[in-house]
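Take a look at the letters that make up each chain.
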Amino acid sequence: MSANDVLKGPVLETRGLTKEFRGFTAVDDVNLQVQEGHIHALIGPNGAGKTTVFNLLTKFLPPTRGEILYRGQPITSKKSNQIAQLGLVRSFQISAVFAHMTALENVRVALQRKLGTSFHFWKSEKSLDHLNERALELLDEVGLREYADTLTVEMPYGRKRALELATTLALDPTMMLLDEPTQGMGAEDVDRIVALIKRVSQGRTVLMVEHNLSVVSRLCDRITVLARGSVLAEGDYEAVSRNPLVREAYMGSDAAQEDGTEKEGAAV
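A brief look at the structure comes next. What you are looking at is a predicted structure, and each value in this text was computed from that prediction instead of being measured.

1. A look at the sheet that holds strand S5 (residues 73-74)
Right, on to step 1. With antiparallel pairing, four strands are arranged side by side in an open sheet as S2-S1-S4-S5. Since the sheet does not close on itself, it has two edges, and those belong to strand S2 (24-35) and S5, each with one partner.
Right, on to step 2. Bridge count between strand S1 (residues 10-21) and strand S4 (residues 65-70): five bridges; the pairing is antiparallel. Paired with arginine 15 across the strands is glutamate 67, a residue of S4.
Right, on to step 3. Those strands touched by helix H1 (residues 50-57) are S1, S2 and S4, and its axis lies near 115° from that of S1.

What follows is the structure in structure tokens.
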């Protein structure tokens, strides 16, 4: 932990978070603490409950039991748009990019949403020109300035994911929840997105679900491992990767095979 990682208490916390589906417990008494300024990964074999936890945190699902706190305040009963207004933003909530709009237009729509004018379709395009400068700044931040006038449908896959991050940043989040940010990418795009996440995480907190353990090892300050809906282990990458329970959970799992974990020399 660097000198900048002042112990301010968790920015996001769950206490006894549980989700049951007709007798099946998908998330079981999860106690999670994400520290201010950290990049925190949520990992685990397929079916471990990672996506369900994300859905609970971002209010796509109500918990069966438990509590969620953001900056010490309970948000368990709040709606997804309310927590987004607090600065807790899940990338795909606002980053469903429009294929037949340019990169600039996509970011501008996200900026309109931040201003509460996203449905003012009767306004002339010129009335939105004041947003262009900020949209171009955001595109520059994610390395997409040269794609400003490119239709999204014509952009390479990795660049589309970068555009999604730009639209997320348009909402000025204090905490970003990224769900599989490198999924389906080749090595070159993965490296680009890893560098991008490092850059945009400055001054922000990130919680991410990620299968690629090489990405996790390069990015994350802390890792929580889920298995069968429960927390199996937690710590930095070195500690987690040496944990025999984690090694057992990943042994022979599809996730470990797909990520090429053994080829990367990872311990899990």
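2. Considerations on the packing of aromatic side chains
Right, on to step 1. Evaluated as defined, the whole model comprises zero aromatic pairs.
Right, on to step 2. Over the ring of phenylalanine 21 we find lysine 19, and its NZ or CZ is 5.3 Å from the ring centre.
Right, on to step 3. Over the ring of phenylalanine 60 we find arginine 90; its NZ or CZ atom is 5.7 Å from the centre of that ring.

3. Looking at the packing of helix H4 (residues 103-115) against helix H6 (residues 157-169)
Right, on to step 1. Here H4 crosses H6 at 30°, and the two axes come no closer than 8 Å. Looking at the two axes, H4 sits roughly parallel to H6. Of the two elements, H4 crosses H6, and the hand of that crossing is right-handed. Where H4 abuts H6, its residues Ala103, Asn106, Val107 and Ala110 lie against Leu163, Ala166 and Thr167.
Right, on to step 2. Grouping the amino acids of the contact of H4 with H6 by side-chain chemistry returns five nonpolar, two polar and no charged.

4. Considerations on the pairing of strand S3 (residues 39-43)
Right, on to step 1. S3 sits mainly inside the fold: five of its five residues count as buried.
Right, on to step 2. Relative to strand S9 (residues 222-227), S3 runs parallel, the two sharing four bridges. By the bridge assignment, isoleucine 43 is partnered in S9 with valine 225.

Reading the values: rules and limits
Residues numbered from 1 in each chain as written. Predicted model: local features only at pLDDT ≥ 70, side-chain atom pairs only at ≥ 80, totals over all residues. Heavy atoms only, no water. Pairing = 2+ DSSP bridges. Helix = DSSP H or I, 4+ residues; strand = E, 2+ residues; numbered from the N terminus. Contact = heavy atoms within 4.5 Å. Axes fitted to C-alpha atoms, helices over the stretch in contact; angles between N-to-C directions. Phe/Tyr/Trp six-rings, centres within 6.5 Å; stacked < 30°, edge-to-face > 60°. Lys NZ or Arg CZ within 6 Å of the ring centre and 35° of its normal. Parallel < 35°, antiparallel > 145°, perpendicular 65-115°, else oblique. Left-handed = near helix turned anticlockwise from the far one by under 90°. Nonpolar A, V, L, I, M, F, W, Y, C, P; charged D, E, K, R; others polar. Buried < 20%, exposed > 50% of the residue type's maximum accessible area, 1.4 Å probe, protein only.

The quantities given are spatial measurements derived from coordinates; they are silent on function.
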